[in-house]
Amino acid sequence: MSSADTPPLAGADPALERFAALVRTALGVPGARVDLRPGNLQDQELAGYASAPLTDADGRVIGHLRAFDSVPRQWSDAELRLLADLAAACSETLRLRAANRLLEQRQGRAAAQGVSADAAFDRSQLLLRASVALAATGTAEDVVDVVRDLVTSTLNPAYVGISMLDADGRVSLQSGRSLPPGVAARWDLYDSAATTPSALATRGGVPVLLPDMAAVRALAPDAAGTFVEMGWQSAASVPLPGPGSPVGALTFVWKQPYVLDAAEQAILAALAGYVAQALRRADYLSSRENAARVLQTALLPDLPDVAPFELAARYEPASRGEHVGGDWYDAVTVDEDRLAVVVGDVTGHDMRAAARMGRLRSKLRLLLVDRHESPAAVLHRLDTAGQALRDLITATAVLAYLQPGPDGAGHVLNWSNAGHPHPLLITAAGAVPLGGRDPLLGLRAARRRTDHGRHLPPGSTVLFYTDGLIETRGASLDDRERLLWETAAARAGAPLPDLLDHLYAVLAGDDHEDDVAMIAIRTPPATRRSSGSDRGE
Amino acid sequence: MSDIPLWTAAVTARDGTHVVTLTGEIDLAAADQLLDLLRAEIDTPASVVVIADLTGVTFLDSAGLGAFVGAYNHAGLAGRRFQLVNPGRPVKRILEISGVYDVFVPSQAGDDDR
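Residues numbered from 1 in each chain as written. Chains lettered and ligands numbered in written order. Predicted model: local features only at pLDDT ≥ 70, side-chain atom pairs only at ≥ 80, totals over all residues. Heavy atoms only, no water.

1. Details of the sheet that holds strand β5 (residues 189-191) of chain A
Across a sheet, paired strands are connected by hydrogen bonds in the backbone, their directions being either parallel or antiparallel.
Residue and element names in this part refer to chain A.
Then, number 1: Read across the open sheet, the six strands follow the order β5-β4-β3-β8-β7-β6; overall the sheet is antiparallel. If you trace the sheet from one side to the other, it starts and ends with β5 and β6 (208-210), each paired once. On average, adjacent strands in this sheet sit at an angle of 20° to one another, irrespective of strand direction.
Then, number 2: Here six bridges tie strand β3 (residues 159-165) to strand β8 (residues 248-254), and the two strands are oriented antiparallel to one another. Opposite Met-164, over in β8, you have Gly-248 as the bridge partner. (Pairing = 2+ DSSP bridges. Helix = DSSP H or I, 4+ residues; strand = E, 2+ residues; numbered from the N terminus. Axes fitted to C-alpha atoms, helices over the stretch in contact; angles between N-to-C directions.)

Below is the structure:
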């Protein structure tokens, strides 16, 4: 595709540059010119062009999946991601086809040699199922479980082990759950110079075949004791291919002497390729999830001591994937008798959302301590500051001030709502939404915002929450809101942490796809004059 | 690989009015691509007003809403208009809760469902 008169990539739009870098990395040819700019193709009909590499089981590029458009266009990140996903799917299918072709050849040879074709067929089915089942795994433990299930009816090993090299070059056992605790602890993390089947395969980069105990004692003496203890007699360990050198090993162990035939060895090598890929994905997913989670948690505040009020908060990331970040809560003592409570939701559910949330929260905190203005005025300033700083962040939020009532009776809540679910006032009489709402934050041409106020009798609870608590793809929002009101009213007197736990369990449970933030404040109960209150209020 | 789009967009343009007809679930998986598409329509030299028709939209989340806010702001900068029409009940509720229903959806004569 590229030609001598291809213009350099400099000056192409950022998405294409990023993508070109990706392609070059995948090709492993530094400095290769990739013809990605619109209008450079031979056929002038094709003006927009994006490409993703197809790879074989060893990560070698065997072709490209390309998308063309007849007009110049900017490929969005989402489109490029989709193209990469499609390419990954195509690569999987091509790999499966190659493996099946190999199996068919072996099957033919096996039939000619009078070996059971059924066994070969079982093994080809195994690889087919492996490619499907491993594609759905998200953690290293999932991968171990899937492999064990896959080979139980064919190779029928007594134990399936996966070990990975850690960052310090030690061997880390991933499959300890299926071993007795003492054995698992012994091999949890050990020097890769040890003579075990896994360490030998990882270090040597070639399969280690130990068909009987004589071979185990000769080649893998460090593991011999464990073999005797577990009643194992034979093993085979194949390296898990990595970008440069093996990243670990896939090991099978039998309780009888076992000689792998050539076809079985080919199966193990193919399986190791699938497993390595699945483990890479699991590692990638967990590192991204953890990073977003850590960032989000770091951005959430420790709650201040706000006696005589009770205060409790809870944040829960979405139960699947990397849908973390964006929701926040905050409580700031503005002056000695005024407490500010905030809940908000920055759009998006990823690390970028968590970072934007951090910026917005900090700006709002600054305004809160710097400006003793009404909630509506502070939110308006937040909008204008965002425009002035060219950091317009789309978010919904409620800002509320809690202060003593004018005549010393109970308290007053003043709030302003920027496109956020209504806070909920919970008393012994029931749960009622605190209404009044203006548009969300982040619209250009910020408009006037309104303040609202409400007297809170002693012992009142106000719950602020994000839409993750009530929003689902299935049920209507009205029904979900009603469920929240009923559930909250039924627990009006519960200690605040228990109330939040209960609401979370009933409404969000373990299968919600959005993150959830809640913060609740409770005013002190009525003090009887006759009991001699020492609070002097 | 689970991020297969569950939404579609089709554009018709006439006399400076570009109507983007959306269907399906406008959520995190759709947001980036949708915003790119709406921006491109707004930036088309002939466009005066870009209208997203939500008749076929079954679900809208905060990320999808973020794409509409981004398009609205982009149109404001470019001196164009961006509007939403025909939201179904669940989508209308999200727009109301976010306080943007009156901002994004032009009031129509005979619109008594308010």
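2. Re the interface of chain B and chain A
Then, number 1: Contact with chain B, which involves 31 residues of that partner, is made by 34 residues of chain A.
Then, number 2: Between chain B and chain A, the buried area comes to about 2600 Å², and carbon and sulfur atoms account for 58% of it.
Then, number 3: Taken together, the connections running from chain B to chain A amount to three salt bridges.
Then, number 4: A salt bridge links A:Asp478 to B:Arg93, with the shortest nitrogen-to-oxygen separation between them at 2.9 Å.
Then, number 5: At the level of elements, α1 (28-43), β3 (49-60), α2 (62-78), α3 (89-97) and α4 (101-104) of chain B are the ones that each hand at least two residues to the side of chain B that touches chain A.
Then, number 6: Among the elements that line the side of chain B that touches chain A, the one with the most residues is α2(B), at nine residues.
Then, number 7: A per-class count over the side of chain B that touches chain A returns 15 nonpolar, seven polar and nine charged. (Contact = heavy atoms within 4.5 Å. Buried area = accessible area lost by both parts, 1.4 Å probe. Salt bridge = Lys/Arg side-chain N within 4 Å of Asp/Glu carboxyl O. Nonpolar A, V, L, I, M, F, W, Y, C, P; charged D, E, K, R; others polar.)

3. Some details on unusual backbone geometry
Residues and elements named next belong to chain A.
Then, number 1: Omega for the peptide link from Ala-307 to Pro-308 comes to 10°, which places this bond in the cis form.
Then, number 2: Tracing the chain through its elements places Pro-308 in the loop between α9 (262-299) and β9 (310-316).
Then, number 3: Not every positive phi belongs to a glycine, and Asn-156 is a case in point at roughly 50°.

4. Focus: the packing of aromatic side chains
The way to describe two aromatic rings as a pair is by their centre distance and the angle between their planes.
Then, number 1: One pass over the full model with this rule turns up eight aromatic pairs over all chains.
Then, number 2: Summarising the aromatic geometry, the rings of A:Trp254 and A:Tyr258 are spaced 4.2 Å apart at their centres and angled 10° between planes, so their arrangement reads as stacked.
Then, number 3: Residue A:Tyr258 is classed as buried on the basis of its relative accessible area, which comes to 18%.
Then, number 4: Taking 6.5 Å as the distance between ring centres and 75° as the angle between the ring planes, the aromatic pair formed by B:Phe82 and B:Phe104 counts as edge-to-face. (Phe/Tyr/Trp six-rings, centres within 6.5 Å; stacked < 30°, edge-to-face > 60°. Buried < 20%, exposed > 50% of the residue type's maximum accessible area, 1.4 Å probe, protein only.)

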